[in-house]
Amino acid sequence: GLFADQVSQAIQGRGSVGAVMYWLSRINDYAQCLATDLDLDLRSPWGKKLVKARRKVSAGLEGVIRKAPSMLISVFRRCQLPSGVDGCPPPAPSELFEAERSMVLLAGCMNFRDQFSLNEVISSTDAPVKQYLRIISDTIITDIRGSSGKKRENAMKWMEVAIRFIRITFGDEEADLLVHAAEVAAKAA
């Protein structure tokens with residue numbers, strides 16, 4: 001219905017991830033209310049509408065979440081191009097926005113994975129994303145240590161990008177550790 005359409009538009013749109021998380025929270029609340037407060041099962045007319053809405057939302061979320069690893073790789077692929085004297089070109093803002101949005105959705109959906117049948121897609125996406133972020137962060141740290149001048153400056157910019165994704169995926173503590181590691185690497189060279 002209209003409710004599922006609004007949520008799907010928020011998922012597919014370029015708007016705020018906060019709006020998507022709001023709608024997921026509302027659907028979760030409605031499901032709990034049907035089951036506990038109203039004591040209606042999912043075979044009731046309201047229950048059937050809720051199941052249909054959850055299926056539609058799950059399908060939209062699954063599509064966006066599945067793209068997260070490839071979007072992340074696409075952003076950092078620019079950093080792996082032959083770079084000449086000055087290092088890697090800066091990330092494309094549109095790629096960065098889309099990758100960050102998909103990563104925030106992936107992280108935000110962790111709380112709703114059972115409610116929206118997202119266990120499989122999150123499990124198959126989350127581990128590769130985390131592994132890739134660890135590898136790319138280590139690679140950039142090595143680049144910072146082994147460079148100077150403009151090349152180091154550009155490597156530090158890429159580290160800032162990696163830290164943004166680390167903060168989304170692993171949290172503030174891990175991101176702060178990476179900030180410290182980057183500072184140490186810059187001083188060591």
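Computed from a predicted structure; not experimentally measured.

Basis of the calculations
- Residue indices begin from 1 for each chain and proceed along its sequence in written order.
- Totals for whole chains, interfaces and linings use every residue, but because this is a predicted model, local features are given only for residues with pLDDT of at least 70 and side-chain atom pairs only at 80 or more, for both listing and counting.
- Side-chain numbers come from the whole structure's heavy atoms, not from hydrogens or water.
- Helix axes are fitted only over the stretch in contact, all axes being lines through C-alpha atoms; the angle between N-to-C directions runs from 0 to 180 degrees.
- Numbered from the N terminus, helices here are DSSP runs of H or I no shorter than four residues, and strands are runs of E no shorter than two.
- Should an angle fall under 35 degrees it is called roughly parallel, over 145 degrees roughly antiparallel, and 65 to 115 degrees roughly perpendicular, with every other angle called oblique.
- By convention, the crossing between two helices is left-handed when the near helix turns anticlockwise from the far helix through less than a right angle, and right-handed when the turn is clockwise.
- A contact between two residues is defined here by any heavy atoms of the two lying within 4.5 Å.
- Amino acid classes used here: Ala, Val, Leu, Ile, Met, Phe, Trp, Tyr, Cys and Pro are nonpolar; Asp, Glu, Lys and Arg are charged; the rest, including Gly, are polar.
- Any pair of N or O atoms that falls within 3.5 Å is considered a polar contact. Within protein, one atom must be able to donate a hydrogen and the other to accept it, and sequence-neighbouring residues count only if both atoms are side-chain atoms.
- Here the nonpolar core consists of buried residues drawn from Ala, Val, Leu, Ile, Met, Phe, Trp, Tyr and Cys, with membership extended through side-chain atoms lying within 4.5 Å.
- Relative accessibility under 20% of the residue-type maximum defines a buried residue, over 50% an exposed one, and the middle range a partly exposed one, all with a 1.4 Å probe and only protein chains included.
- In this scheme Phe, Tyr and Trp rings, the latter by its six-membered ring, pair at centre separations within 6.5 Å, and the angle between planes marks the pair as stacked below 30 degrees, edge-to-face above 60, and tilted otherwise.

**With respect to the packing of helix H6 (residues 149-170) against helix H7 (residues 172-188)**
Relative orientation of the contacting elements H6 and H7 amounts to 165 degrees, with a least axis distance of 8 Å. Judged by the inter-axis angle, H6 sits roughly antiparallel to H7. Classified by chirality, the crossing of H7 by H6 is right-handed. Counted together, Arg152, Met156, Met159, Ile163, Ile166, Arg167 and Phe170 of H6 and Asp172, Glu174, Ala175, Asp176, Leu178, Val179, Ala182 and Ala186 of H7 form the full contact between these two elements. Class assignment for the residues of the contact of H6 with H7 results in 10 nonpolar, no polar and 5 charged.

**Let's talk about the side chain of Ser147**
Structurally, Ser147 is set in the loop between helix H5 (119-145) and H6. A polar side-chain atom of Ser147 sits 2.7 Å from the main-chain carbonyl oxygen of Asp143.

**Brief notes about the packing of helix H4 (residues 93-109) against H5**
Following both chains from N to C, one finds H4 and H5 inclined at 125 degrees, their axes separated by 11 Å at the closest point. One finds that H4 runs oblique with respect to H5. Considering how the two elements wind past one another, H4 and H5 form a crossing that is left-handed. Along the contact surface, H4 presents Met103, Leu106 and Cys109, while H5 presents Ile122, Thr125, Asp126, Val129 and Leu133. Class assignment for the residues of the contact of H4 with H5 results in 6 nonpolar, 1 polar and 1 charged.

**Points about the nonpolar core**
One finds Leu24, Leu61, Phe76, Met159 and Phe165 to be the most contacted residues of the largest nonpolar core, which totals 48 residues. When contributions to this core are tallied by element, the ones reaching two or more residues are helix H1 (2-12), helix H2 (17-37), helix H3 (45-77), H4, H5, H6 and H7.

**What about the packing of aromatic side chains?**
Considering all chains together, one arrives at 3 aromatic pairs under this definition. Considering the side-chain rings of Phe76 and Trp158, the 5.7 Å spacing of their centres and the 50 degrees angle between planes classify their relative orientation as tilted. Of this pair, Phe76 sits in helix H3 while Trp158 is found in helix H6, placing the two residues 82 residues apart along the sequence. Trp158 carries the same exposure label as Phe76, and that label is buried. One aromatic cluster is present, formed by Phe76, Tyr132, Trp158 and Phe165 through successive ring pairs.

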